[in-house]
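Residue-level structural notes
Spelled out, the chains give:
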Amino acid sequence: MALPIERHNGASPGRRAPAPAPVEVAAPLPVGEPVVPVWVGRVTTAAVVAVAGVAAIASYEHMRALASVAGESWRAWLLPISVDGLAVAASMTMLVRRRAGQRAGLLPWAALLFGLGASLAANVAAAEPTVVGRLVAAWPPVGLLLSYELLMQQHGTRGGPGLRTVRPGAVQPLDERTEP
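Because the structure is predicted, anything quoted here is derived from the model rather than measured. (Residues numbered from 1 in each chain as written. Predicted model: local features only at pLDDT ≥ 70, side-chain atom pairs only at ≥ 80, totals over all residues. Heavy atoms only, no water.)

It is a probe the size of a water molecule, rolled over the atoms, that shows where empty space is left. Its volume calculated, the largest pocket comes out at about 450 Å³. What lines the largest pocket is a set of 25 residues, among which Ala87, Ser91, Leu116, Leu144 and Tyr148 lie closest to the centre. Breaking the lining of the largest pocket down by element, the ones donating at least two residues are helix H1 (38-69), helix H2 (78-99), helix H3 (106-125) and helix H4 (131-154). For the lining of the largest pocket, the leading source of residues is H2, giving eight residues. Considering only residue class, the lining of the largest pocket consists of 18 nonpolar, four polar and three charged. (1 Å grid on protein atoms, 1.4 Å probe; cavity = no way out; pocket = protein on both sides within 12 Å on 5 of 7 lines; lining within 4 Å. Points joined across faces, edges and corners; volume = space filled by probe spheres on them. Helix = DSSP H or I, 4+ residues; strand = E, 2+ residues; numbered from the N terminus. Nonpolar A, V, L, I, M, F, W, Y, C, P; charged D, E, K, R; others polar.)

Structure (structure tokens):
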């Protein structure tokens with residue numbers, strides 16, 4: 001028959017091992033989300049704003065001139081707003097849906113492609129009829145699309161500051177629940 005012996009991690013009876021020192025563990029990073037320093041995000045945002053400004057001015061004038069030639073005299077200034085506005089609305093819808101954890105959807109993709117395609121076609125049609133002239137005129141919508149997508153990749157696809165989204169059935173963390 002064995003006698004019960006009280007041992008604590010091999011320590012002799014009557015003497016306890018010292019408590020381990022607390023270890024600070026960093027919070028885990030979300031999988032697939034890039035860690036972007038604040039200054040990098042600001043520089044990228046400034047670059048996208050600059051590209052968007054150049055693209056807007058160049059595309060606007062090309063589309064307005066093309067609409068004037070097509071006979072849209074007083075309405076010529078409206079066409080560029082409708083084309084670029086469609087692309088902006090589509091990209092914002094895609095961003096909101098991605099941050100909510102949903103797929104972008106067929107309609108936003110179709111609207112984005114039609115808007116950018118119309119902008120690209122108008123820029124090329126209004127350009128000088130040379131290869132170089134058409135390539136230069138095609139650049140603004142292409143540059144805008146690529147720079148905007150690079151910015152969105154830095155901001156990740158999940159909800160972030162300023163946008164709170166909860167899918168149906170999702171559980172809210174304890175620190176965010178409100179007491180009645």
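Residues Ala87, Ala90, Met94, Ala104, Ala111, Leu112 and Leu116 constitute the largest nonpolar core, which totals seven residues. The set of elements that each furnish at least two residues to this core consists of H2 and H3. Ignoring sequence-local partners within four residues, the contact set of Ala87 consists of Leu112 and Leu116. The next biggest cluster of nonpolar side chains, apart from the first, holds five residues, and it includes Val48, Tyr148, Leu151 and Met152. (Core = buried A, V, L, I, M, F, W, Y, C linked by side-chain atoms within 4.5 Å. Buried < 20%, exposed > 50% of the residue type's maximum accessible area, 1.4 Å probe, protein only. Contact = heavy atoms within 4.5 Å.)

Once that is clear, we can look at the packing of H2 against H3. Close contact between H2 and H3 brings their axes to 8 Å; oriented N to C, the two are set at 150°. Classified by the interaxial angle, the pair formed by H2 and H3 is roughly antiparallel. Between H2 and H3 the crossing geometry is left-handed. In this structure, H2 uses Val83, Asp84, Leu86, Ala87, Ala90, Ser91, Thr93, Met94 and Arg98 to contact H3, whose residues at the interface are Pro108, Trp109, Ala111, Leu112, Gly115, Leu116, Ala118 and Ser119. (Axes fitted to C-alpha atoms, helices over the stretch in contact; angles between N-to-C directions. Parallel < 35°, antiparallel > 145°, perpendicular 65-115°, else oblique. Left-handed = near helix turned anticlockwise from the far one by under 90°.)

The share of residues in the chain with pLDDT of 70 or more is 66%, and the mean pLDDT across the chain is 75. Highest mean pLDDT in the chain belongs to H3 (91); lowest belongs to H4 (83). Throughout residues 158-165 the model reports pLDDT below 50, and contacts reaching past four residues in sequence, or to other chains, amount to twelve contacts. (pLDDT = per-residue confidence, 0-100.)

Next up on the list: the pattern of salt bridges. Summed over all chains, the structure comprises two salt bridges. Across the pair Arg64 and Glu61 runs a salt bridge whose closest N-O atoms are separated by 2.6 Å. With Arg64 and Glu61 both in helix H1 and three residues apart, this pair spans about one turn of that helix. Judged by relative accessible area, which is 27%, Arg64 ranks as partly exposed. The exposure class of Glu61 is partly exposed, given its relative accessible area of 37%. Residue Arg75 is joined to Glu72 by a salt bridge in which the shortest nitrogen-to-oxygen separation is 2.8 Å. Residue classification places Glu72 among the partly exposed positions, given a relative accessible area of 32%. (Salt bridge = Lys/Arg side-chain N within 4 Å of Asp/Glu carboxyl O.)

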